[in-house]
Amino acid sequence: MDWDGMARPWLEAAPELEIAFEEVFDTLFAAAALSPGEKVLDVGCGTGPTLIKAANAVGEEGHVLGVDIAPPLLARAAERSPDNVTVELGDAGTYPFEQASFDVILANFGIMFFDDSVAAFKNLRRAVRPGGRLAATVWATPPENPWFSMPRRIVDSIVADVPRPDPTGPGPMRFGDPTALKGYLQEAGWTPSIDTCDVTLLPPGKAAQVARLHKKLTIMRMLDGMVVPDSLLTQIEEAIADENLAFEVDGQMRVPARIHVVTAIVG
């Protein structure tokens, strides 16, 4: 995956996305139940919103290490993080962490991209202390998440032969059915539990503004490598804006979403 290419529009959109995903963050941190003084590893920390929340939760006596594979996102995270946070560039699935050095592993939409999930979860298990735990979020299936399925449907209706990613390969929707995820964790030595939660995404602005956000992120990613006339891109954006009106309530976008919240302990 071209992480630098993906990171550039994500970096631009990060402030809006952080507002949109606030309820997701709250759900993850409720599951993680961080305590003052704990040592936390944040997998796929991106631009750092979960780093900051974790740093506040563990306090000055605790510490948070954020790892991400995209340099532009990690640079932004480093700029905004407090003193009890450090960041490292790398793939958390293969990164040589000091053994038994963390109390908690945290991952907000960060565990769906490993090339070898079992090997990655074994690597993370080695990094936690005895009794250590993991808390992570993954998306449920596309039909349960209009944030993804609606733009895809519109693009497919306007542009012919848009390539489809391997649904079982690294990607955001990989564990929509979490059965395989649970098996990977068990094989790697974790004892997992997976709960499905309904949340609401709250992207700022009205329908047209959110359509522009989708154009920068979702649409251009779907059409990566394709030559698409500007007229069709405009048509796609306008169609998304029209459908977004269904999610606009009293001037606030409220997009229903479903996620799986994964918790696991070693052993």
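Note that this is a predicted model, so its numbers are computed, not measured.

Undergrad: Honestly, the overall build of the protein chain in this entry has me stumped. Any pointers?
TA: When you go through the protein chain residue by residue, the secondary structure sums to nine helices and nine strands. Relative to the globule expectation of 18 Å for 267 residues, the C-alpha radius of gyration of the protein chain, 19 Å, shows essentially globular dimensions. Dimensions of the protein chain along its principal axes, counting C-alpha atoms only, are 55 × 35 × 30 Å. Counting all 267 residues of the protein chain, 50% fall into the buried class.

Undergrad: What's the story with the environment of S149 in this structure? I'm lost.
TA: Counting through the fold element by element, S149 comes out in helix α6 (residues 146–158). Between the C-alpha atoms of S149 and V162, which are 13 residues apart in sequence, the distance is 14 Å. In contact with S149, not counting residues within four places along its chain, are P142 and P143. A distance of 3.1 Å separates a polar atom in the side chain of S149 from the backbone oxygen of P142.

Undergrad: Teacher, can you tell me more about the packing of α6 against helix α9 (residues 230–244) here?
TA: To characterise two packed helices, one gives the angle between the axes of the helices and the distance between these axes. The N-to-C vectors of α6 and α9 enclose an angle of 140°; their axes lie 10 Å apart at closest approach. Relative to α9, the element α6 is oriented oblique. For α6 against α9, the interelement crossing comes out right-handed. Contact residues: M150, P151, R153, I154, V155 and I158 in α6; L232, Q235, I236, A239, I240, E243 and N244 in α9.

Undergrad: Explain α6 here, please?
TA: A turn of α-helix holds 3.6 residues, and therefore any two residues three or four places apart point the same way. Spanning 13 residues, α6 covers 18 Å between terminal C-alpha atoms, matching the ideal 18 Å at 1.5 Å per step. Residues of α6 that are buried include every one of P146, W147, F148, M150, P151, R152, I154, V155 and I158, and no others.

Undergrad: Sorry, what's going on with the pattern of salt bridges here?
TA: Any two side chains of opposite charge can pair, given that their charged atoms come close. The tally for this structure, following the rule as stated, stands at 14 salt bridges. Its salt-bridge partner being E243, residue R153 comes within 2.8 Å of it at the nearest N-O pair. Linking R153 in helix α6 with E243 in helix α9, this pair joins segments that are 90 residues apart in sequence. Judged by its relative accessible area of 32%, E243 falls in the partly exposed class.

Undergrad: Explanation requested: the side chain of S81 in the structure shown.
TA: Relative to the assigned elements, S81 resides in the loop between α4 (71–80) and β3 (85–89). When its relative accessible area of 16% is taken as the criterion, S81 is described as buried.

Undergrad: Explanation requested: the pairing of strand β9 (residues 255–266) in the structure shown.
TA: Residues in a regular strand point their side chains to alternate faces of the sheet. Strand direction decides the pairing type here: strand β5 (residues 128–139) and β9, joined by seven bridges, are antiparallel. Each residue of the ladder has a partner; that of A135, found in β9, is T263. In terms of strand pairing, strand β6 (residues 190–201) meets β9 through 12 bridges, oriented antiparallel. Among the inter-strand pairings, V199 is bridged to a residue of β9, identified as A257.

Undergrad: Quick question: what am I supposed to make of the packing of aromatic side chains here?
TA: For the structure shown, the criterion picks out nine aromatic pairs. On the numbers, 4.2 Å between centres and 10° between planes, the contact of F109 with W139 is stacked. Here F109, found in the loop between β4 (102–108) and α5 (117–127), pairs with W139, found in strand β5; they are 30 residues apart in sequence, far enough to count as distant. Judged on exposure class, the residue F109 and its partner W139 are both buried. Seen in terms of ring centroids, W139 and F148 are 4.9 Å apart; in terms of plane orientation they differ by 75°. Their pairing is edge-to-face. Classification of W139 as buried rests on a relative accessible area of 3%. Judged by its relative accessible area of 19%, F148 is buried.

Undergrad: Help me out: how do you make sense of the sheet that holds β3 in this one?
TA: The strands making up a sheet associate through backbone hydrogen bonding, with each pair oriented either parallel or antiparallel. A sheet is described by the order of its strands in space; here seven strands give the open sequence β3-β2-β1-β4-β5-β9-β6, paired in mixed fashion. Each edge of the sheet is formed by a strand with only one pairing partner; in this case those strands are β3 and β6. On average, each strand axis in the sheet is tilted by 20° relative to the strand beside it, whichever way the strands run. Helix α3 (residues 49–58) rests against β1 (39–43), β2 (63–68), β3 and β4 of the sheet, and its axis sits at about 165° to β2.

What counts, and at which threshold
Here the residue numbering is sequential within each chain, running from 1 through the sequence in written order. In keeping with the predicted nature of the model, local features appear solely for residues at pLDDT of at least 70, side-chain atom pairs appear and are counted solely at 80 or more, and the whole-chain, interface and lining totals rest on all residues. The side-chain values count all of the structure's non-hydrogen atoms but skip hydrogen atoms and water molecules. A run of DSSP states H or I qualifies as a helix once it reaches four residues; a run of E qualifies as a strand once it reaches two. Both are numbered from the N-terminal end. Between the two quantities, the radius of gyration covers C-alpha atoms and the globule rule is 2.2 Å times the number of residues to the power 0.38. Relative accessibility decides the category of a residue: with a 1.4 Å probe and only protein chains considered, values under 20% of the type maximum give buried, values over 50% give exposed, and everything between is partly exposed. Contacts are assigned to residue pairs that have any heavy atoms within 4.5 Å of one another. Polar contacts, as used here, are pairs of N or O atoms within 3.5 Å; protein pairs need one atom able to donate a hydrogen and one able to accept it. Residues neighboring in sequence count only if both atoms are side-chain atoms. Helix axes use the C-alpha atoms of the stretch in contact, all axes being lines fitted to C-alpha atoms, and the angles between their N-to-C directions lie in the range 0 to 180 degrees. Here is the rule for angles: anything less than 35 degrees is roughly parallel, anything more than 145 is roughly antiparallel, 65 through 115 is roughly perpendicular, and the remaining ranges are oblique. Crossings are sorted by hand: turned counterclockwise from the far helix by less than a right angle, the near helix makes the crossing left-handed, and turned clockwise it makes it right-handed. Helix span, expected: 1.5 Å multiplied by one less than the number of residues in the helix. Put simply, a salt bridge is a Lys or Arg side-chain nitrogen that is within 4 Å of an Asp or Glu carboxyl oxygen. Two strands form a pair only when DSSP identifies at least two bridges running between them. Centres within 6.5 Å are what make two rings of Phe, Tyr or Trp a pair, Trp counting through its six-membered ring; a difference in plane orientation under 30 degrees is then read as stacked, over 60 as edge-to-face, and the rest as tilted.

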